[in-house]
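Chain by chain, the residues run as shown.
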Amino acid sequence: GRIQATSLRPLVSGSHFPLIINSELLRITKLKIHKHTQNKMTSSDSSSAESRLATAKTVLTTAASVAATAMLARSLLQDYLPDEVHHYISYGFRSIFGYFSSQMTIIIEEFEGFVHNEVFEAAEAYLATKISPSNKRIKVSKHEKENNYNVTVERDEEVVDTYNGVKFQWILHCRHVESKNFHNPRDLNSTLRSEVRSFELNFHKKFKDIALESYLPFMVKRATLMKQEKKTLKIFTLSPENMYGNYSDAWTSVTLDHPSTFKTLAMDSDVKTSVMEDLDKFVKRRDFYKRVGKAWKRGYLLYGPPGTGKSSLIAAMANHLNFDIYDLELTAVNNNSELRRLLIATANRSILIVEDIDCSLELKDRTSDEPPRESDDVEDPRYKKVTLSGLLNFIDGLWSSCGDERIIIFTTNYKEKLDAALLRPGRMDMHIHMSYCTPSTFKALASNYLEIKEHRLFSKIEEGIEATEVTPAEVAEQLMRNDSVDKVLEGLVEFLKVKKIENEQDKAKKEKQELENKEKTKEGKDSGVKKTEEVEEQLVRNDRVDKILEGLVELLKVKKIDNDQDKSQTEGDQQH
């Protein structure tokens, strides 16, 4: 605007006035130019900001629209397209993106056909040691009788491992498959759901050979050692209702906490030493069995009267080798096919036992002809049987080679009742007689129960043990009767005397019964001969048929009266 000169007069004087006016005009002009420039810049910035905001809104709107479309398309694909088409489309997308990717993925599923995938189990154990603070979710479990906590990776968690400078990424994936006839014992709240688990192993393509030839073998070996070091022994029993799900679910387990060992086992010392040496030799002969072309397994037959320690010996063998036990009840198996399924579902380094094989079921003869199957009904009683042939193939056929380092044990109280085909080497390689108590067995029991090695009554007790048949279980029961060692041993001496008398009486009674049975058999034969002669005599007494038959009727009436009288007299004598 214009400048008033009067406003400047008090500030200037004389010849300096024109200079001051010019300077002031210049300053004011600069201020106006600067203000105009600022106004233009502010206007330009405002327009630019509005333009950018509009662009951002457009981008966000477009992205939201694309995301909504993608989600809708995905829902339609999952709900309306068959699984085969869905997997095919997914595979196509993975192939397209995988073509440009430098990563390779190995899929390791939990099951390989009928059996567990060893690599999956190894990965599960190995990755538990590689869990880092970056992992947000892990799974922890512990059985009441176990000493260690079981830590595993939770689903969808990534675990990174480095081997010889190569980075490997692991992810556990789980998916559920609906099945009406499937029962999962791991999920007691649902009988209609099957969980399929698998590991994904990701690494750079150029390290494929390292992964397959070095890393995975190293991981499996390391995991095997780890599991063996902290292994808790388990005993498995058959679960028939799960027979038609995953094969491994046919067996359910509990912790085996049996204290029996070869050190505490009351058994003949020479037999015990022989069994231990045979077991130790067996587990060290992997290369030998491979070289001679035999399945790496061993069969043992334990036979002897009840109470002689067969079950305790099995527990001692399991503790000695650190092997799990599978207790097979043959009466719960429907047919030979199920028997094979159970075999392949057992783990390596395990003991399979069939107790009381002679009375578990009536084994059908191998030469019997089975009728052709007319239906697939598994409840048909004609096909609910395990044949002797099926049992032999189970323990010594091609299916028996589906596993390594396995021990099969049969127990029986009566060895003579078993088919000779079951007893030959290759099936039952070692026959172990579990005898009545011997002096060495008694000393082992005294050491375990009374914690003594010698006593003044030992000689009397050993004489009594040699003079009668008494089981280790009966002796052990006597050793638990009192806390006083002297009273316990004195009671055992008296028990052996009574036991000897009882055994002699039982033996005499048995001999008498056998003699009576023989006499009855002989009398029956003589009576049969006599009756035949009497009937023949009646038939030749007359020429007329009606007279002959009437006479025969009268004879039979008289014989019946005589037999009833003889029977009454015999019963009276026995009561007297």
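Below or above, wherever it landed, is the structure these notes cover.

Our focus in this paragraph is the overall build of the chain. In terms of regular secondary structure, the chain is built from 16 helices and 15 strands. Taken across its 576 residues, the chain has 32% of its residues classed as buried. When contacts within the chain are restricted to residue pairs at least 6 apart in sequence, long-range pairs at least 24 apart make up 67% of them. Total accessible area on the chain stands at roughly 37800 Å², and carbon and sulfur atoms take up 52% of it.

Tallied over the entire structure, the rule returns 14 aromatic pairs. Ring centres 5.4 Å apart and planes at 50 degrees place the aromatic pair Tyr 163 and Tyr 215 in the tilted group. Here the residue Tyr 163 occupies a position in strand S6 (residues 158–163), and Tyr 215 occupies one in helix H4 (residues 208–229), the gap between them amounting to 52 residues. A centroid spacing of 5.8 Å and a plane angle of 85 degrees characterise the contact between Phe 288 and Tyr 289, whose relative ring orientation is edge-to-face. Overall, the relative accessible area of 28% leaves Phe 288 in the partly exposed class. For Tyr 289, a relative accessible area of 7% translates into the label buried. Joined through ring pairs, the aromatic side chains of Phe 120, Tyr 126, Tyr 163, Phe 168, Trp 170, Phe 199, Phe 203, Tyr 215 and Phe 218 make up one cluster. The positively charged end of Lys 417 is found above the aromatic ring belonging to Tyr 414, 4.5 Å away from the centroid.

Moving on to unusual backbone geometry. Phi is positive for Asn 164, which is not a glycine, with a value near 50 degrees. With a phi close to 55 degrees, Glu 405 is a non-glycine residue in the positive phi region. On the secondary structure map, Glu 405 appears in the loop between helix H10 (388–396) and strand S14 (406–412).

In this section: helix H12 (residues 439–449). Burial in H12 covers these residues: Thr 441, Phe 442, Ala 444, Leu 445 and Ala 446. Just downstream of H12, Glu 451 is the residue with a positive phi angle, here 60 degrees.

Okay, the nonpolar core next. The nonpolar side chains of a soluble globular protein tend to be buried, and buried together. Membership of the largest hydrophobic core comes to 30 residues, with the highest contact counts inside it found for Trp 251, Leu 328, Leu 339, Leu 391, Phe 394 and Phe 410. Of all the secondary structure elements, the ones that give two or more residues to this core are strand S9 (234–238), strand S11 (297–303), helix H8 (336–344), strand S13 (350–354), H10, S14 and helix H11 (420–423). Looking at which element gives the most residues to this core, the answer is H10, with five residues. Contacts of Leu 328, omitting those with residues within four sequence positions, involve Leu 238, Trp 251, Val 333, Leu 339, Leu 342, Leu 352, Ile 353, Val 354 and Phe 394. Membership of the second largest hydrophobic core comes to 27 residues, among which are Phe 323, Ile 325, Met 430 and Met 434.

Before going further, it helps to spend a moment on the pattern of salt bridges. Under the definition given, this model contains 14 salt bridges. For the salt bridge of Lys 297 with Asp 396, the shortest nitrogen-to-oxygen distance reads 3.7 Å. With Lys 297 in strand S11 and Asp 396 in helix H10, the pair connects residues that are 99 residues apart, well separated along the chain. The class for Asp 396 is partly exposed, based on a relative accessible area of 27%. Linking Arg 481 and Glu 477 is a salt bridge whose minimum nitrogen-to-oxygen distance equals 3.7 Å. Residue class for Arg 481 comes out exposed when judged on its relative accessible area of 57%.

Reading guide: rules and limits
Residues numbered from 1 in each chain as written. Predicted model: local features only at pLDDT ≥ 70, side-chain atom pairs only at ≥ 80, totals over all residues. Heavy atoms only, no water. Helix = DSSP H or I, 4+ residues; strand = E, 2+ residues; numbered from the N terminus. Buried < 20%, exposed > 50% of the residue type's maximum accessible area, 1.4 Å probe, protein only. Contact = heavy atoms within 4.5 Å. Areas by Shrake-Rupley, 256 points an atom, 1.4 Å probe, with all protein chains shown as cover. Phe/Tyr/Trp six-rings, centres within 6.5 Å; stacked < 30°, edge-to-face > 60°. Lys NZ or Arg CZ within 6 Å of the ring centre and 35° of its normal. Core = buried A, V, L, I, M, F, W, Y, C linked by side-chain atoms within 4.5 Å. Salt bridge = Lys/Arg side-chain N within 4 Å of Asp/Glu carboxyl O.

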